[in-house]
There are 2 protein chains.
Amino acid sequence: MARKNRTGCVGSAVLMALVAGLVAEGVALGQQEGRRRRPGAEARPIEMTPDQVAQLTRLANERRLNFDDLLSSAKTFMPSGRHDDYVLFSSGGQSGQVYAIGVPSMRLLRSIAVFTPESWQGYGFAGDQDPVIESLKIDGKLVGWGDTHHPALSETKGEYDGQFLFIGDKANARVAVIDLRDWETKQIVKNPLTISDHGAAFVTPDTDYVIEGGQYATVLGYGYAPPEEYKAKYRGMVTLWKFDRARGRIDEKSSFALELPPYWQDLADAGKGASDGYFFVNSFNVEMASGGVERGQPPFEAGASKRDMDYLHIVDWKKAERAFKAGKAKTINGFPVLTIETSIAEGLLYFAPEPKSPHGVDVTPCGKYMVVAGKLDPHVTVYSIEKVKRAIESKAYSGTDDYGIPVLNFDAVKEAQVELGLGPLHTQFDDKGYAYTSLFLDSAVARWALGGDYAKLHKDQPWKLVTKTPVQYNIGHLSAAEGDTVSPDGKYLVSMSKWSVDRFITTGPLLPQNFQLLDIGAPGTAMPVIYDMPFPVGEPHYCQMIKADKLKSWEVYPQIGWNPHTQALDPRAPKKGEEGVTREGNKVLVKMTAIRSHFFPEHVEVNEGDVVTWRITALESTKDATHGFCIGAYNINLSLEPGEFQEFTFTADRPGTYPFYCTEFCSALHLEMMGYLHVKPKSLATGEAGR
Amino acid sequence: MARKNRTGCVGSAVLMALVAGLVAEGVALGQQEGRRRRPGAEARPIEMTPDQVAQLTRLANERRLNFDDLLSSAKTFMPSGRHDDYVLFSSGGQSGQVYAIGVPSMRLLRSIAVFTPESWQGYGFAGDQDPVIESLKIDGKLVGWGDTHHPALSETKGEYDGQFLFIGDKANARVAVIDLRDWETKQIVKNPLTISDHGAAFVTPDTDYVIEGGQYATVLGYGYAPPEEYKAKYRGMVTLWKFDRARGRIDEKSSFALELPPYWQDLADAGKGASDGYFFVNSFNVEMASGGVERGQPPFEAGASKRDMDYLHIVDWKKAERAFKAGKAKTINGFPVLTIETSIAEGLLYFAPEPKSPHGVDVTPCGKYMVVAGKLDPHVTVYSIEKVKRAIESKAYSGTDDYGIPVLNFDAVKEAQVELGLGPLHTQFDDKGYAYTSLFLDSAVARWALGGDYAKLHKDQPWKLVTKTPVQYNIGHLSAAEGDTVSPDGKYLVSMSKWSVDRFITTGPLLPQNFQLLDIGAPGTAMPVIYDMPFPVGEPHYCQMIKADKLKSWEVYPQIGWNPHTQALDPRAPKKGEEGVTREGNKVLVKMTAIRSHFFPEHVEVNEGDVVTWRITALESTKDATHGFCIGAYNINLSLEPGEFQEFTFTADRPGTYPFYCTEFCSALHLEMMGYLHVKPKSLATGEAGR
């Protein structure tokens, strides 16, 4: 032990070295210890002694747990340091963000800022020309939130590949690209045609395209028309965003859209296997109700639900791509659009009747069947892609819609209808030939047996309900392990229950949602709810569950000076020894480095009115050695992850002496990791160079 | 069952009624069922059969759980519908928010937006004159994030009363008031003296004052001075914000501050019981190091750690209040400040030496002792308030500091020093006479035995380490059940471990923190970690844990038309039947109601350039029947909780036809709960009234 003084303190120089060493050493030791304690490969099978059984029973009784509770707890508990088997990427709904949740523990692992500026991640708090803020502007004005709906993991041959995540913003018709190497949003594209979307994002089996289906019809290209002109001027759309995997970006110039009738397009799914080359979009309000309760019209909720059937949109996207590449698109608001007439002429767009007001259209893993769940019909309707192809070939139409689009004969394309219960919304699949459908009004998850090729996988009657599990309450979507791939895993299913009501402590009038984990791998027909997770940060719409070991995330940035916006080493990143402050006229350039536990330089002196460009490199290369950087009262906060480079610019328009400091607790001397920005008032300024 | 058509759909009029009824009924049924299934008073003691033991053992072995894991899982699992025993209110660090977590399940229950606009809660997305955005401005410019540090629950007689929560913003020296009836931020006050704070917020035992201690010294009142003038012109401060409980607001006009030397004030705690009337603030950098590594000076981390002792600030706040009320404050930037000279003259400010670079000062439940943990000293130092009072009375000074403040003789005020380990930061207490101190460098929680009156509560040697539990990794603060009150509960303690490193799946270079739950009520000396919770939304600093049944939160707003900003019924709230759109010149007033599943009106027609004031009342009175309201591309999103009234104003500067819709999944016909804002382009506008 180092020399102590009378109060027991160790001497300061000695201690400084000790502290610096211990921070590194402490973590290293901790990691070793953690690994030792992690119940991993070396875990030996246990057998409970009678004393242990008595101890566990006593504890269960003290906590009023029954045996099923003990089973559920043992199915979901993760010992310290043990990693979850799956990651559930969830939309955060109108929070604008994406959240990652571990399964089976249902622990929230990370938020990922997407459409809403978020300061922990330093997302949107990097000064006057922040690329995040720029990417969130629509026509030059910040729209700083989103209504995230459908996360879609990138796929290779129909399997999640763990590389990218896409998500749509229903409120503003935008699509974001998240890179799963560093879990950061890299791109936001604004749909130039429409205001709102819904079926976004869905990917084709090799992620050639990211599909964005519309929602509420409007005048394409941000146009105006009063409600009287609904049928004539309002239109729906679906956009095919071309994805450039090598660049990790949507290629806007190679993207295009299809004009659609002003039905409200809803969920979408891409074909795969037998249906590869197609995608499917639900619609409702084929009534083209335009509301007007204030003028004595039926409200949208009634007007849009009058007819018995809406239209499943069937799109041959490979044909559409050829038509686009052949120059057959016209331009609306600068964006190429295949008109309804062109789509009809090219034979790339067909409708099939579907029971009223459907929500989900979900393609079975083999791609042979499309399952439509219509919330006002107690059945799900199953379509066969073979029958669809045959009906198209043989022109088995029951007519056309008002815009001339051929409507396939319902009986010619229908494979089965399965009665499940009230309010079916969305369907997922497992590895044993079963489908799972959410029942909103019943507040239940239905398991039902698939037919056709799937019948050999189980002993149940094909196309038939098997069992239901009640959920609490009003389930919207559900998500099964690898449930949207060509090879789902079964095991786990999450019920995204919309109302939690009494499930948790009353958190004021605004309550969390309830994500409930169902054990769908349990023996027998039971599929019990084994965990209730309050979802406390938005009203999420959908999520996808990927095997955790498919994610190959970076632990630190690949090189010191990495720019996460470009995903490349940035030549502008200050290196150790290059730090300093220079000036040209009223432009000041600050070159700074950050390492435990100081910034270099510690004082930056500028004049009021200077335009300051500030570059910081985090010199750390140790996992979890993140620094923050903020300037008080200047609305600036960065997250400087190991190796990261950031640049920000601002006008020093407020005189005064402002502390800057590290906002991420990085070491024992974290509080001392600070400095001052001195903005000399105009009244005192001499024009001397920043220093 | 209603009449079915050929596709199995029920007829539309019948179905509409059915759906409306079922939504209500479904929830009511669900609630009943939930209550039945909730393992509550009716739960019968279980005894495990040999088959059940075998089943549980098999499951444990499949999941590689050992017996301790089974115990931990049974200690933390909450069956569906069972409510947690405690709520942990946690700072969200540089996310700017507060988060509520259930204990023992460690489930995140709710986010509460405070310093950062958040769209799920509709916080800061209510148009051009949003009161939230206004409250976040500093000198007219939005500072839309914060670095939340210390949540403080309101207290009555030293007990948490569950009414209010206060929290400071370290980055911008602000304090927020959250009302725990509706879990919403009601007020943000900006400290007019300084840029950064740290010891905020702490309350006096009856919440007379909310204390905001400073952090980095600067020129008070947003002044400027270069680093050379550090000692002469930089100052610290502590502010006493007067809380008006009846109004639920800080009364800025009755608040005042104390000028302090430019040491970096750190954590604070209010006296109670024996020390009622005092509060205590730590400091570091009494060296008055001003950094300058870029000029060859020692960096702050070294310069601020040179001396062996810093100063514990002891403030007699009742005397300070009297001095303030007697008009002895001078004004800086419009705010009353007791100068150092006045504080000395009035005998209300004393220093006691404390081992170098302390972090926490924590008053024991009885109020007799103050425990200081200094990260560079392996001991905690315990001070006696009786000794302090005696030393003040007898003028047992060892001298004064550079500013003339009397420094009490260390040996005269010290009760004990207890060696615990490396990097002690912060201390909490239980009901059995023990204290718990976080050890940052050791990555451990130390339990040690209190002495004095507490010695009779246990059989351990007083003022002595009892045991340590390793945590993963680098614990900052810790929080025990009711741990800051006059009567802590013991039972649970949360270690806020700053680094998680390998504990969870790698979530890119930015990792969650690790909140670890320790069972401090376990028999014997063991206090095992029983849960690892990733904290995924910021780097939280501190949290407080309150008994859940102390919270008397509203399930819905008390009356239809409630304005949460004023916490009162708002006469402007449109009632059912009053809906409509009116115009005066270019000013349009929209009166709207919202109820499952439509807005009234559904069309709002305005002219480009109109200034639109839009009022919405949520007519719902059912728990969890929340609606959202957004206008696409206009950056507007509201959360309309049952009974809530909201008003927003914007300029209709973008022509076009914009859907608005409900952003919270409210019913089976939620997607149909929409309408259109038609902004007629100037080229077409005729000046007709909005309709």
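Residues numbered from 1 in each chain as written. Chains lettered and ligands numbered in written order. Predicted model: local features only at pLDDT ≥ 70, side-chain atom pairs only at ≥ 80, totals over all residues. Heavy atoms only, no water.

Asker: Whenever I open this one, the overall build of chain A confuses me. Can you help?
Answerer: Counting its regular elements, chain A contains 10 helices and 46 strands. Here the C-alpha radius of gyration of chain A, 29 Å, is about what a compact globule of 691 residues would show, namely 26 Å. Projected onto its principal axes, the C-alpha positions of chain A cover 90 × 75 × 45 Å. Among the 691 residues that make up chain A, the fraction classed as buried is 71%. Partitioning the contacts of chain A with sequence separation of at least 6, the portion at a separation of at least 24 is 62%. Taken as two groups, the 74 positive and 86 negative side-chain charges of chain A have centres that lie 2 Å from each other. (Helix = DSSP H or I, 4+ residues; strand = E, 2+ residues; numbered from the N terminus. Rg over C-alpha atoms; globule rule 2.2 N^0.38 Å. Buried < 20%, exposed > 50% of the residue type's maximum accessible area, 1.4 Å probe, protein only. Contact = heavy atoms within 4.5 Å. Lys, Arg positive; Asp, Glu negative; His and termini not counted. Charge placed at Lys NZ, Arg CZ, Asp CG, Glu CD.)

Asker: What's the story with the packing of aromatic side chains in this structure? I'm lost.
Answerer: What describes a pair of aromatic rings is the distance from one ring centre to the other and the angle between the planes of the rings. Applying the stated criterion across every chain yields a total of 84 aromatic pairs over all chains. Measuring from centroid to centroid gives 4.5 Å for F256(A) and F324(A), while their planes differ by 15°, and the two rings are stacked. Residue F256(A) is located in strand 13 (residues 249-260), and its partner F324(A) is located in helix 7 (residues 317-325); the two are separated by 68 residues in the primary sequence. As far as burial versus exposure is concerned, F256(A) and F324(A) are alike and both buried. For the pair W614(A) and F660(A), a centre-to-centre distance of 5.6 Å together with 85° between the ring planes defines the contact as edge-to-face. In this pair, W614(A) is assigned in strand 41 (residues 611-618) and F660(A) in strand 45 (residues 656-661), connecting sequence segments 46 residues apart. Looking at F660(A), the relative accessible area reads 0%, which means it is buried. Members of the aromatic cluster, each reached through a chain of ring pairs, are Y222(A), F599(B), W614(B), F629(B), Y634(B), F648(B), F650(B), Y658(B) and F660(B). (Phe/Tyr/Trp six-rings, centres within 6.5 Å; stacked < 30°, edge-to-face > 60°.)

Asker: Got a minute to help me understand the side chain of T626(B) in this structure?
Answerer: Relative to the assigned elements, T626(B) resides in the loop between strand 41 (611-618) and strand 42 (627-631). Judged by relative accessible area, T626(B) falls into the buried class, the value being 2%. Once residues lying within four places of it in the same chain are set aside, the contact partners of T626(B) are P509(A), L510(A), S639(B), L640(B), E641(B), P642(B), E664(B) and C666(B).

Asker: Where do I start with the interface of chain A and chain B in this structure?
Answerer: Size of an interface, as often reported, equals the accessible area lost when the parts are brought together. Taken together, the contact pairs 232 residues of chain A with 232 residues of chain B. For the pair chain A and chain B, the summed buried area comes to about 19,700 Å², and 61% of that belongs to carbon and sulfur atoms. Its largest share of buried area at the contact with chain B, chain A owes to Y224(A), W499(A) and F665(A), together 4% of the area lost on that side. Run the count over chain A and chain B and you get 4 salt bridges. Of the charged contacts in the structure, one is a salt bridge between K375(B) and E672(A), with a shortest N-O distance of 3.0 Å. Taken together, the connections running from chain A to chain B amount to 96 residue pairs in polar contact (both at pLDDT 80 or more). For the side of chain A that touches chain B, the element with the most residues is helix 1 (residues 12-37) of chain A, which contributes 14 residues. Looking at the side of chain A that touches chain B, its residues break down into 109 nonpolar, 71 polar and 52 charged. (Buried area = accessible area lost by both parts, 1.4 Å probe. Salt bridge = Lys/Arg side-chain N within 4 Å of Asp/Glu carboxyl O. Polar contact = N/O pair within 3.5 Å; in protein donor to acceptor, adjacent residues only side chain to side chain. Nonpolar A, V, L, I, M, F, W, Y, C, P; charged D, E, K, R; others polar.)

Asker: Which parts of the structure should I look at to understand the relation of the copies chain A and chain B?
Answerer: For these two chain copies, the linking operation is a rotation about an axis paired with a shift along it. Note on the identical chains: chain A maps onto chain B by a rotation of 180° and an axial translation of 0.0 Å, with an RMSD of 0.0 Å. What the rotation and shift describe, once combined, is the action of a two-fold rotation axis. Relative to the rotation axis, the closest C-alpha in chain A is found at S73(A), a distance of 2.7 Å. The residues that chain A uses at the interface reappear at the interface of chain B in 100% of cases, marking a shared surface. (Least-squares fit on C-alpha atoms with pLDDT ≥ 70 in both.)

Asker: Quick question: what am I supposed to make of empty space enclosed by the protein here?
Answerer: To find leftover empty space, one rolls a probe the size of a water molecule over the atoms. If you walk through the whole model with that rule in mind, you get 17 cavities of 30 Å³ or more. Of the voids in this model, the largest cavity is the one considered here, and its volume is about 190 Å³. Lining the largest cavity are 19 residues; nearest its centre among them are Q97(A), Y99(A), E118(A), Y99(B) and E118(B). For the lining of the largest cavity, the class distribution of residues is 7 nonpolar, 10 polar and 2 charged. Approximately 150 Å³ is the volume found for the second largest cavity. Surrounding the second largest cavity, 17 residues form its lining, E155(B), F202(B), D269(B), D484(B) and Q544(B) being those nearest its centre. If one sorts the elements of the lining of the second largest cavity by residue count, strand 10 (residues 197-203) of chain B sits on top with 3 residues. Residue composition of the lining of the second largest cavity, grouped by class: 8 nonpolar, 4 polar and 5 charged. Looking at the lining of the second largest cavity, you find at least three residues from each of domain 1 (63-190 + 426-553) and domain 2 (201-419) of chain B. (1 Å grid on protein atoms, 1.4 Å probe; cavity = no way out; pocket = protein on both sides within 12 Å on 5 of 7 lines; lining within 4 Å. Points joined across faces, edges and corners; volume = space filled by probe spheres on them. Domains from an automatic or database assignment.)

Asker: I'm lost on the sheet that holds strand 8 (residues 174-179) of chain A in this one. Help?
Answerer: Residue and element names in this part refer to chain A. With antiparallel pairing, the 4 strands of this open sheet are ordered in space as 6-7-8-9. Each end of this open sheet is capped by a strand with a single partner; those strands are strand 6 (152-156) and strand 9 (184-190). Adjacent strand axes in the sheet meet at a mean angle of 30° when their direction is disregarded. Both strand 7 (residues 159-169) and strand 8 contribute to a ladder of 6 bridges, which runs antiparallel. Note on strand 8: the bridge partner recorded for F164 is D179. (Pairing = 2+ DSSP bridges. Axes fitted to C-alpha atoms, helices over the stretch in contact; angles between N-to-C directions.)

Asker: In this structure, what is going on with the environment of P192(A)? I would like to understand it.
Answerer: All names here are of chain A. Within the fold, P192 resides in the loop between strand 9 and strand 10 (197-203). For the pair P192 and H426, spaced 234 residues apart in sequence, the C-alpha to C-alpha distance is 29 Å. Not counting the four nearest positions on each side in its chain, P192 is found in contact with G221, Y222, W241, N333 and F335.

Asker: Explain the pairing of strand 22 (residues 379-384) of chain A to me, please; I cannot follow it from the model alone.
Answerer: Note on strand geometry: in a regular strand, side chains alternate between the two faces of the sheet. Residue and element names in this part refer to chain A. Summarising burial for strand 22: 6 of the 6 residues are buried, a large majority. Inspection of the sheet shows strand 21 (residues 369-374) paired to strand 22 by 5 bridges, in the antiparallel sense. Counterpart to M370 in the pairing with strand 22 is Y383. What sits between the antiparallel neighbours strand 21 and strand 22 is a turn of 4 residues.

Asker: Sorry if this is basic, but what is going on with the domain arrangement of chain A here?
Answerer: Residue and element names in this part refer to chain A. Domain parsing of chain A yields domain 1 (63-190 + 426-553), domain 2 (201-419) and domain 3 (562-685). Placing a centre on the C-alpha atoms of domain 1 and another on those of domain 2 gives a separation of 24 Å. Listed as interface residues are 46 residues of domain 1 and, on the opposing side, 37 residues of domain 2. Here domain 1 packs against domain 2, burying approximately 3,400 Å² in sum over the two surfaces, 62% of which is carbon and sulfur. If you sort the residues of domain 1 by the area they bury against domain 2, E155, Y454 and W463 come out on top, with a joint share of 17%. The tally of links from domain 1 across to domain 2 stands at 2 salt bridges. A salt bridge links K368 to D453; the nearest nitrogen and oxygen atoms lie 2.4 Å apart. At the junction of domain 1 with domain 2, the criterion picks out 19 residue pairs in polar contact (both at pLDDT 80 or more). For the side of domain 1 that touches domain 2, the secondary structure elements donating two or more residues are strand 6, strand 7, strand 8, strand 9, strand 26 (424-429) and strand 29 (464-470). Looking at the side of domain 1 that touches domain 2, the element that brings in the most residues is strand 7, giving 6 residues. The residue makeup of the side of domain 1 that touches domain 2, split by class, is 19 nonpolar, 16 polar and 11 charged.

Asker: Would you mind going over unusual backbone geometry with me for this structure?
Answerer: Cis geometry marks the peptide bond from A200(A) to A201(A), where omega comes out at 10°. Within the secondary structure layout, A201(A) lies in strand 10. For the bond from F600(B) to P601(B), the omega torsion is 5°, close enough to zero to count as cis. Within the element layout of this structure, P601(B) appears in the loop between strand 39 (598-600) and strand 40 (603-607). Look at A173(B): it is not a glycine, yet its phi comes out positive at around 55°.

Asker: Is there a simple way to think about helix 7 (residues 317-325) of chain B in this case?
Answerer: Since the α-helix packs 3.6 residues into each turn, any two residues three or four apart lie on the same face. Residue and element names in this part refer to chain B. Of all the residues in helix 7, the buried ones are W317, A320, E321, A323 and F324. Projected down its long axis, helix 7 carries its buried residues within an arc of 165°, all on one side. What points out from helix 7, more than 90 degrees from its buried face, is the exposed set R322 and K325. Where helix 7 begins, the capping side chain belongs to D316, and its oxygen is found 3.3 Å from the backbone nitrogen of K318. Count one or two residues on from helix 7 and you reach G327, which has phi positive near 80°. (Arc of directions from axis to C-beta.)

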